[in-house]
Amino acid sequence: MTDYDSINAINCSGLKLFEEAQAHYYYKYIAKTWEGEKSDAFRLGSFAHTMVLEPEKIDAEWRKVDPPLGKGKDAKPLKSGKDYDAWLETMTKDPNQKWYTTDEESEVLEWVKALKNHPAIQLLLEHPDRKIEKTLVAEWGEAEFVASDFKGRCDLIIPSRVS
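Okay, so let's go over this structure. These numbers were taken from a predicted model, which means no experiment stands behind them.

**Looking at the overall build of the protein**
Step number 1: For the protein, the count of helices and strands is seven helices and four strands.
Step number 2: Each helix (α) and strand (β) of the protein, taken in turn from the N terminus, gives the series α-α-α-α-β-α-β-α-α-β-β.
Step number 3: Residues classed as buried in the protein amount to 23% of the 163 residues present.
Step number 4: At a minimum sequence separation of 6, the contacts of the protein that also span at least 24 residues come to 55%.
Step number 5: Accessible surface, the protein as shown: approximately 12200 Å² in total, 52% of it carbon and sulfur.

**Some remarks on the side chain of T50**
Step number 1: If you trace the backbone, T50 turns up in helix 3 (residues 40–53).
Step number 2: If we ignore the near neighbours within four places in the chain, the residues touching T50 are P55, K57, I58 and W62.

**Considering unusual backbone geometry**
Step number 1: Positive phi is not limited to glycine here, since K32 has a value of about 55 degrees.
Step number 2: By the element assignment, K32 lies in the loop between helix 2 (22–30) and helix 3.

**As for the nonpolar core**
Across soluble globular proteins, you tend to see nonpolar side chains buried next to one another.
Step number 1: In this structure, L44, F47, A48, M51, V52, L53, I58, W62, Y100, V108, V112 and L125 together form the largest nonpolar core, which totals twelve residues.
Step number 2: Those elements giving two or more residues to this core turn out to be helix 3 and helix 6 (102–116).
Step number 3: When residues of this core are assigned to their parent elements, the largest contribution, six residues, is made by helix 3.
Step number 4: Apart from the residues lying within four places of it in its own chain, the contact partners of Y100 are R43, F47, I58, W62, R63, K64, V65 and E105.
Step number 5: In this structure, V65, Y84, M91 and W99 belong to the second largest nonpolar core, which totals five residues.

**Concerning the layout of surface pockets**
Step number 1: Within this model, the second largest pocket holds a volume of roughly 180 Å³.
Step number 2: Lining of the second largest pocket is provided by 15 residues; of these, P67, Y84, T101, D103 and E104 occupy positions nearest its centre.
Step number 3: Those elements giving two or more residues to the lining of the second largest pocket turn out to be helix 3, helix 5 (82–91) and helix 6.
Step number 4: Its residues placed into classes, the lining of the second largest pocket shows seven nonpolar, two polar and six charged.

**A closer look at the side chain of E105**
Step number 1: Examined against the element boundaries, E105 turns out to sit in helix 6.
Step number 2: Apart from the residues lying within four places of it in its own chain, the contact partners of E105 are F47, K64 and Y100.

**Topic: the environment of E107**
Step number 1: Mapped onto the fold, E107 is located in helix 6.
Step number 2: Taking the C-alpha atoms as reference points, E107 and A48, separated by 59 residues in sequence, lie 9.6 Å from one another.

**Section: the packing of helix 1 (residues 12–20) against helix 2**
Step number 1: Their axes nearest at 5 Å, the elements helix 1 and helix 2 cross at an angle of 140 degrees. It follows from the interaxial angle that helix 1 and helix 2 lie oblique. Note on element contacts: helix 2 touches helix 1 through Q22, H24, Y25, K28 and Y29, opposite S13, G14, L17, F18 and E20.
Step number 2: For the contact of helix 1 with helix 2, the residue count by class is four nonpolar, four polar and two charged.

The rules behind these values
- Residues numbered from 1 in each chain as written.
- Predicted model: local features only at pLDDT ≥ 70, side-chain atom pairs only at ≥ 80, totals over all residues.
- Heavy atoms only, no water.
- Helix = DSSP H or I, 4+ residues; strand = E, 2+ residues; numbered from the N terminus.
- Buried < 20%, exposed > 50% of the residue type's maximum accessible area, 1.4 Å probe, protein only.
- Contact = heavy atoms within 4.5 Å.
- Areas by Shrake-Rupley, 256 points an atom, 1.4 Å probe, with all protein chains shown as cover.
- Core = buried A, V, L, I, M, F, W, Y, C linked by side-chain atoms within 4.5 Å.
- 1 Å grid on protein atoms, 1.4 Å probe; cavity = no way out; pocket = protein on both sides within 12 Å on 5 of 7 lines; lining within 4 Å.
- Points joined across faces, edges and corners; volume = space filled by probe spheres on them.
- Nonpolar A, V, L, I, M, F, W, Y, C, P; charged D, E, K, R; others polar.
- Axes fitted to C-alpha atoms, helices over the stretch in contact; angles between N-to-C directions.
- Parallel < 35°, antiparallel > 145°, perpendicular 65-115°, else oblique.

Structural data, given as structure tokens:
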């Protein structure tokens, strides 16, 4: 089995980064000294991806953590301020830590519900031949035809649709 990250080829994310900022591409993929910043949108997208395609991994890989509560009788989780900023800094120190808040969970559950109610998504998720295969890796490219080799990874495969 081929380890996706060990394949010496460019993927879609690398192409996008190269188009946006060649220096970032160099430091991330060539020098391997830059991890890049993972935004809240990226984190929530990853959480939604796991909830839709790999819900059995939520408890093992993700942690629900809420920001500190404000002051007062009907205190709610903080969304700004010094205490919130300190909490957020603590949460983002480890880029590999996967976490979400109760509010984010509610928002993502709405996204997941909308996705699962979409007819095209239902066909994919409920197909009898559906498989989740993180290990399937596709490589293509010939040195004489293109300047670089390319790689891609499939999250959802329906074998009857693959020719």
